[in-house]
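Summary of the model geometry
One-letter residues, chain by chain:
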There are 2 protein chains.
Amino acid sequence: MAKLDIGKKIQSENDLVAAENRRRFADAGVLVMNLISSPGSGKTTLLEATIDRLSDRAKILVIEGDVSTQRDIERVRARGAGGVQINTGGGCHLSAKMVAGVLDDLDLDSADIVFIENVGNLICPATYDLGEDVRVGILATTEGDDKPMKYPAIFHEARLAIVNKIDLLPHLAYDVEKVTREVGVLNPDCEILTLSALRGDGMDAWIAWIEDRLSRKKE
Amino acid sequence: MAKLDIGKKIQSENDLVAAENRRRFADAGVLVMNLISSPGSGKTTLLEATIDRLSDRAKILVIEGDVSTQRDIERVRARGAGGVQINTGGGCHLSAKMVAGVLDDLDLDSADIVFIENVGNLICPATYDLGEDVRVGILATTEGDDKPMKYPAIFHEARLAIVNKIDLLPHLAYDVEKVTREVGVLNPDCEILTLSALRGDGMDAWIAWIEDRLSRKKE
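The shown structure was predicted, so the numbers you read here are calculated from the model rather than taken from an experiment.

Helices and strands together make up the secondary structure of chain A, namely eight helices and seven strands. Compactness check: chain A gives a C-alpha radius of gyration of 17 Å against a globular reference of 17 Å for 219 residues, within 12% of the reference. Overall, the C-alpha framework of chain A stretches about 50 × 45 × 35 Å when taken along its three principal axes. Counting the 219 residues in chain A, one finds 58% classified as buried. Taking the contacts inside chain A whose residues are at least 6 apart along the sequence as the reference set, 73% of them involve residues at least 24 apart. For chain A, the centre of its 27 positive side-chain charges and the centre of its 36 negative side-chain charges are spaced 3 Å apart.

See below:
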């Protein structure tokens, strides 16, 4: 019982800070997307490809979450996006407080989109609201097609699921239909896009999805 | 401060139960290996291939850890191994207590090896001793070659790192040397094996590694 109460308290403190983050994002008029996946599913590569395709039309900022290293923020900065790296030092997810702690380092008012790349972990980040508008769950074809039911929490909350690395499908036994079906069972409102951030397949649909969200945000 | 103290208390309670597990495993004379990786790095496929190659010489039991589903225990049972599935119901790692809770369901005395397949997560399982003899960190080539420094904790504690899915190397930009070098920086005592559990490359070296451990255990 004691453990449950502690968990609830941490969660409700997180929710309070997340609500404050959400107000700040709304005041600045930015669209905020929280990207969640296993390590190595291609979140950073997706961000690189997205910045390449979208930065002439939208000002993009990135908040990078990792246990350690500056590797990911260096990669997105090399594509011309601004942003900050959060190192959790062993922590397995970003919290609303960690995100709140870097907001003063970002020029939110001049931005259109903030991508938050969460720590590579398909479990723990799913239960921490960061104040985002949209949660996106990313799977890679190389992880096998049994993942949605084995890691259901992220799909319960996600508005969009991305199946990345479809360029490798010819070399894998991976059933896209099965994954789509399982995500649909877990959350009928979750949209699904299949793409290869590396080769470019499906990137137009992803960019259109973001632009649709952006235009609804600005209405 | 309060959060840190709670963390320490949980850790020391876990260590006490892990020590008791370790005594039970030692009394039964079994070799126990704790397999840790991201979701979809191929832990279960590695177990299937290991059972196929080793079960004529060693009695193998498997403790499967997953957030939900019985999928993995069904896969290893189909290869003839005994074992049990632990569903953590949202929990991001196995604990010593969860493992202790299933030991009465296993015939340890008749077994030679117990594989514990941890929950798919490269972060949280690294800090929970389960009472195992050997901790093994598994990476897949498809996750990218930047992972050891981004997820250092598992490599600090692992006696063996496996780089799986080398059959896909021709289709990837993946630098095996870089990964080997980074693991060596994090832990000079960590051995490294590269293999493809699916195609069989490198499996002989892995089986020999286990048999060497097994023979040392029985001395």
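Let us keep going from here.
Turning our attention to the nonpolar core. I63 of chain A together with I63 of chain B are the most contacted members of the largest nonpolar core, which has 76 residues in total. Contacts of I63 of chain A, omitting those with residues within four sequence positions, involve V84, I86, V99, V102, L103, L106, V114, F115, I116 and E117 of chain A.

Taken together, the contact between chain B and chain A spans 32 residues of the former and 32 residues of the latter. Of the roughly 2600 Å² buried between chain B and chain A, counting both surfaces, carbon and sulfur atoms make up 58%. Area buried by chain B at its contact with chain A is led by P39, R71 and K150 of chain B, which between them contribute 23% of it. Salt-bridge contacts for D72 of chain B lead to K150 of chain A; the nearest nitrogen and oxygen are separated by 2.8 Å. Applying the counting criterion to the chain B and chain A interface returns 13 residue pairs in polar contact (both at pLDDT 80 or more). Among the secondary structure elements, those contributing two or more residues to the side of chain B that touches chain A are helix 3 (71–78) and helix 5 (147–150) of chain B. For the side of chain B that touches chain A, a count of residues per class yields 13 nonpolar, nine polar and ten charged.

With that out of the way, let us pick up the side chain of D72 of chain A. Looking at where D72 of chain A falls in the secondary structure, it is placed in helix 3 (residues 71–78). Given a relative accessible area of 0%, D72 of chain A falls into the buried group. Of the polar contacts made by the side chain of D72 of chain A, one reaches the side chain of K150 of chain B; its length is 2.8 Å. Each residue touching D72 of chain A, except ones within four places of it in the same chain, is listed here: T44, E64, D66, Q85 and E117 of chain A together with D146 and K150 of chain B.

Bringing the sheet that holds strand 2 (residues 60–66) of chain B into the picture now. All names here are of chain B. In space, the seven strands of this open sheet follow the order 3-2-4-1-5-6-7, with parallel pairing throughout. Both edges of this open sheet fall to strand 3 (82–87) and strand 7 (191–194), since each of them pairs with a single strand only. Taken pair by pair, the neighbouring strands of this sheet meet at an average axis angle of 20°, ignoring direction. Where helix 7 (residues 176–186) meets the sheet, it contacts strand 5 (134–140), strand 6 (160–164) and strand 7, and its direction lies at approximately 160° from that of strand 7. Sitting on the sheet, helix 8 (residues 203–218) is in contact with strand 1 (31–37), strand 4 (113–117), strand 5, strand 6 and strand 7, with an inclination near 140° to strand 1.

This next bit is on unusual backbone geometry. With a phi angle near 80°, T69 of chain A is a residue other than glycine that sits in the positive phi range. Within the fold, T69 of chain A resides in the loop between strand 2 (60–66) and helix 3. According to the relative accessible area criterion, T69 of chain A is buried, its value standing at 18%. In the Ramachandran plot, K165 of chain B falls in the positive-phi region, its phi being about 65° despite a non-glycine side chain.

For the rest of this paragraph, the subject is the sheet that holds strand 5 (residues 134–140) of chain A. Residue and element names in this part refer to chain A. Within the open sheet, the seven strands sit side by side as 3-2-4-1-5-6-7. Their pairing is parallel. Of all the strands in the sheet, the pair left with one neighbour each is strand 3 (82–87) and strand 7 (191–194). Neighbour-to-neighbour, the strand axes of the sheet open up by a mean angle of 20°, direction not taken into account. Where strand 2 meets strand 3, six bridges bridge the pair, whose relative direction is parallel.

To continue, consider the packing of aromatic side chains. Describing an aromatic ring pair means giving the distance of the ring centres and the angle of the ring planes. Residue and element names in this part refer to chain A. What the rule picks out here adds up to three aromatic pairs over all chains. Where W206 meets W209, the ring centres are 6.3 Å apart and the plane angle is 15°; that geometry is what we call stacked. Highlighted residues: W206 and W209, both in helix 8 (residues 203–218), separated by three residues, approximately one helical turn. Of the two residues, W206 and W209, neither departs from the other in class, the shared state being buried.

With that settled, the discussion passes to helix 2 (residues 43–54) of chain A. Residues and elements named next belong to chain A. End to end, helix 2 covers 16 Å across twelve residues, agreeing with the expected 16 Å (1.5 Å per residue, within 8%). Taking burial as the measure, the twelve residues of helix 2 include nine buried ones, the bulk of the element. Inspection of helix 2 places K43, T44, L46, L47, E48, A49, T50, I51 and L54 among the buried residues, and these make up the whole buried set.

Let us look at the relation of the copies chain B and chain A. The two copies are related by a screw operation: chain B maps onto chain A through 180° of rotation and 0.0 Å of translation along the axis, at an RMSD of 0.0 Å. In short, the pair behaves as if placed about a two-fold rotation axis. By residue overlap, the copies meet face to face through one surface: 100% of the interface positions of chain B are interface positions in chain A.

Here we come to the pattern of salt bridges. The tally for this structure, following the rule as stated, stands at 36 salt bridges over all chains. Between R23 of chain B and E20 of chain B there is a salt bridge, with its nearest N and O atoms 2.8 Å apart. Residue R23 of chain B and its partner E20 of chain B are both found in helix 1 (residues 2–28); the two are separated by three residues, about one turn of the helix. Relative accessible area serves as the criterion here: at 49%, R23 of chain B is assigned to the partly exposed category. Salt bridges linked by common partners bring D66 and D72 of chain A together with D146, K147 and K150 of chain B together as one network.

Reading the values: the criteria
- Residues numbered from 1 in each chain as written.
- Chains lettered and ligands numbered in written order.
- Predicted model: local features only at pLDDT ≥ 70, side-chain atom pairs only at ≥ 80, totals over all residues.
- Heavy atoms only, no water.
- Helix = DSSP H or I, 4+ residues; strand = E, 2+ residues; numbered from the N terminus.
- Rg over C-alpha atoms; globule rule 2.2 N^0.38 Å.
- Buried < 20%, exposed > 50% of the residue type's maximum accessible area, 1.4 Å probe, protein only.
- Contact = heavy atoms within 4.5 Å.
- Lys, Arg positive; Asp, Glu negative; His and termini not counted.
- Charge placed at Lys NZ, Arg CZ, Asp CG, Glu CD.
- Core = buried A, V, L, I, M, F, W, Y, C linked by side-chain atoms within 4.5 Å.
- Buried area = accessible area lost by both parts, 1.4 Å probe.
- Salt bridge = Lys/Arg side-chain N within 4 Å of Asp/Glu carboxyl O.
- Polar contact = N/O pair within 3.5 Å; in protein donor to acceptor, adjacent residues only side chain to side chain.
- Nonpolar A, V, L, I, M, F, W, Y, C, P; charged D, E, K, R; others polar.
- Pairing = 2+ DSSP bridges.
- Axes fitted to C-alpha atoms, helices over the stretch in contact; angles between N-to-C directions.
- Phe/Tyr/Trp six-rings, centres within 6.5 Å; stacked < 30°, edge-to-face > 60°.
- Expected span 1.5 Å × (residues − 1).
- Least-squares fit on C-alpha atoms with pLDDT ≥ 70 in both.

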